[in-house]
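Structural characterization, general
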Amino acid sequence: MELIQKTPDLSAYLAADEAVDHDHPRVREVAGGLARHAEDSYAYARLAFEFVRDTIPHSQDSGDPRVTWRASDVLEQRTGICYAKAHALAALLRAEDIPTALCYQRFDVVHGLVAVRLDGAWHRQDPRGNKPGVDARFSLGREQLAFTPDHAAGEADYPELYAAPHPAVLDVLKAATDRPHLWETLPTAL
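All figures in this text were calculated on a predicted structure; none of them were measured in a lab. Starting afresh in each chain, residues are numbered from 1 along the sequence in its written order. Since the coordinates come from a predicted model, pLDDT governs what is reported: local features require at least 70, and pairs of side-chain atoms require 80 or more to be given and counted, while whole-chain, interface and lining totals use all residues. Values reported for side chains reflect all heavy atoms of the structure, with hydrogen atoms and water molecules removed beforehand.

Attention now goes to the overall build of the chain. Of the regular secondary structure elements, the chain holds seven helices and six strands. Labels follow the DSSP assignment, with helices taken as runs of H or I lasting at least four residues and strands as runs of E lasting at least two, numbered in each case from the N terminus. Going from the N terminus to the C terminus, the chain shows its helices and strands as β-α-α-α-α-α-β-β-β-β-β-α-α. Dimensions of the chain along its principal axes, counting C-alpha atoms only, are 40 × 35 × 35 Å. When each of the 190 residues of the chain is scored for burial, the buried share is 52%. The contact definition used throughout considers only heavy atoms, calling two residues in contact when any of these lie within 4.5 Å. Long-range pairs, those at least 24 residues apart, make up 60% of the contacts in the chain with a sequence separation of at least 6. When the accessible area of the chain is evaluated, it comes to approximately 8500 Å², of which 48% is carbon and sulfur surface. For the chain, the centre of its 20 positive side-chain charges and the centre of its 29 negative side-chain charges are spaced 3 Å apart. For the exposure calls, accessible area comes from a 1.4 Å probe over protein chains only, and a residue counts as buried if that area is under 20% of its type's maximum, exposed if over 50%, partly exposed in between. Under the convention used here, a 1.4 Å probe and the Shrake-Rupley method define accessible areas, while residue burial counts only the protein chains that appear. Note on charges: Lys and Arg go in the positive column, Asp and Glu in the negative column, and His and the chain ends are not counted at all. By convention, the point assigned to a charge is CZ for Arg, NZ for Lys, CD for Glu and CG for Asp.

What follows deals with the pairing of strand β4 (residues 121-125). For β4, the tally of buried residues reaches four of five residues, placing the bulk of the element in the interior. In terms of strand pairing, strand β3 (residues 110-118) meets β4 through five bridges, oriented antiparallel. Bridge pairing in β4 places V116 opposite H123. Here a strand pair is declared whenever DSSP counts at least two bridges between the two strands. What sits between the antiparallel neighbours β3 and β4 is a turn of two residues, in which D119 has the positive phi angle 55°.

With that settled, the discussion passes to the pairing of strand β2 (residues 100-106). Here β2 lies mainly inside the structure; six of its seven residues are buried. In this sheet, β3 lies alongside β2 in antiparallel orientation, the contact comprising seven bridges. Considered in β3, the bridge of Y104 is made with G112. Hairpin connection from β2 to β3: three residues lie between these consecutive antiparallel strands.

With that out of the way, let us pick up the environment of D17. The residue D17 is located in the loop between β1 (4-5) and α1 (25-35) in this model. The exposure class assigned to D17 is partly exposed, which follows from its relative accessible area of 24%. A polar atom in the side chain of D17 sits 2.9 Å from the backbone nitrogen of A19. Polar contacts involving the side chain of D17 include one to the main-chain amide nitrogen of V20, which spans 2.6 Å. Identification of polar contacts relies on pairs of N or O atoms within 3.5 Å, with a donor-acceptor requirement for protein atoms, meaning one able to donate a hydrogen and the other able to accept it, and with residues adjacent in sequence counted only if both atoms are side-chain atoms.

Moving on, we get to α1. Those residues of α1 that sit buried are R26, V27, V30, A31, G33 and L34. An end-on view of α1 places all buried positions within 160° of arc, on one side of the element. In this structure, α1 carries P25 and E29 as exposed residues pointing more than 90 degrees from its buried face. Looking at the buried residues of α1, the elements they touch are α2 (41-55), α4 (71-77) and α5 (82-95). Each direction from the helix axis to a C-beta atom contributes to the arc, which is the arc of those directions.

So, about the packing of α2 against α5. Each pair of packed helices can be described by the angle between their axes along with the distance between the axes. Simply put, an axis is a line fit to the C-alpha atoms, just over the touching stretch for a helix, and the angle between two N-to-C directions goes from 0 to 180 degrees. Look at α2 against α5: their axes get within 10 Å of each other, and the N-to-C directions meet at 155°. Between α2 and α5, the angle falls in the class roughly antiparallel. For α2 against α5, the interelement crossing comes out right-handed. Of the residues in α5, those in contact with Y44, A45, A48, F49, F51, V52 and R53 of α2 are K85, A88, L89, L92 and L93. When an angle is under 35 degrees it counts as roughly parallel; over 145 it counts as roughly antiparallel; between 65 and 115 it counts as roughly perpendicular; any other value is oblique. Take the far helix as the reference: if the near one is turned anticlockwise from it by less than a right angle, the crossing is left-handed, and if turned clockwise, right-handed.

Should the charged atoms of two oppositely charged side chains come close, the side chains can pair. Between Lys or Arg on one side and Asp or Glu on the other, a salt bridge is scored when a side-chain nitrogen of the former is within 4 Å of a carboxyl oxygen of the latter. Within the structure shown, the criterion is met by twelve salt bridges. A salt bridge links R26 to E29; the nearest nitrogen and oxygen atoms lie 3.1 Å apart. Of this pair, R26 and E29 both sit in helix α1, three residues apart, which is roughly one turn of the helix. Classification of R26 by relative accessible area gives buried; the value is 18%. The salt bridge involving E76 is made with R26; its shortest N-O contact spans 3.7 Å. Note that E76 is positioned in helix α4 and R26 in helix α1, a separation of 50 residues in sequence. On the accessibility criterion, E76 (54% relative accessible area) is exposed. A cluster of three or more residues bridged by salt bridges with shared partners is formed by R26, E29 and E76.

Okay, structure coming up:
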């Protein structure tokens, strides 16, 4: 699948916004701590991915009712669903000047992940969090995402790369009173 930048200007994929708030002190603190252990951009991107995937539980898996959507809140509260975890990873990567896009897949509902631009190309990564049956890994080669769509069943990979969260995603996150409420309103398509 060919990934499509929705915004031609690559600098848009380095920008801060209300959800990917990489200018927030908490994001800067975490990014700085990770950067001290990385010898290059690739190593930093892998460390940031593993940090979000492994240290911030997916709220559905952990049973946490809180809904986070800002990267800084995800890092502070240590919880989030796929979209929120994608916002956190995008913020950590952008904080270290690594262009990062938000992208999506469609299953019963829309699933969020990121694409990182390294070695002159976009590479999708899924920081959702591993569990039995889910084994997402950081890779610039063959993708190893949390889920693979069954195209025959109507599931899909959306090829678009967004500089900011898709409004359908951000709106439901911001409106949710708790995770059970969010689960009732998740978008089923973009």
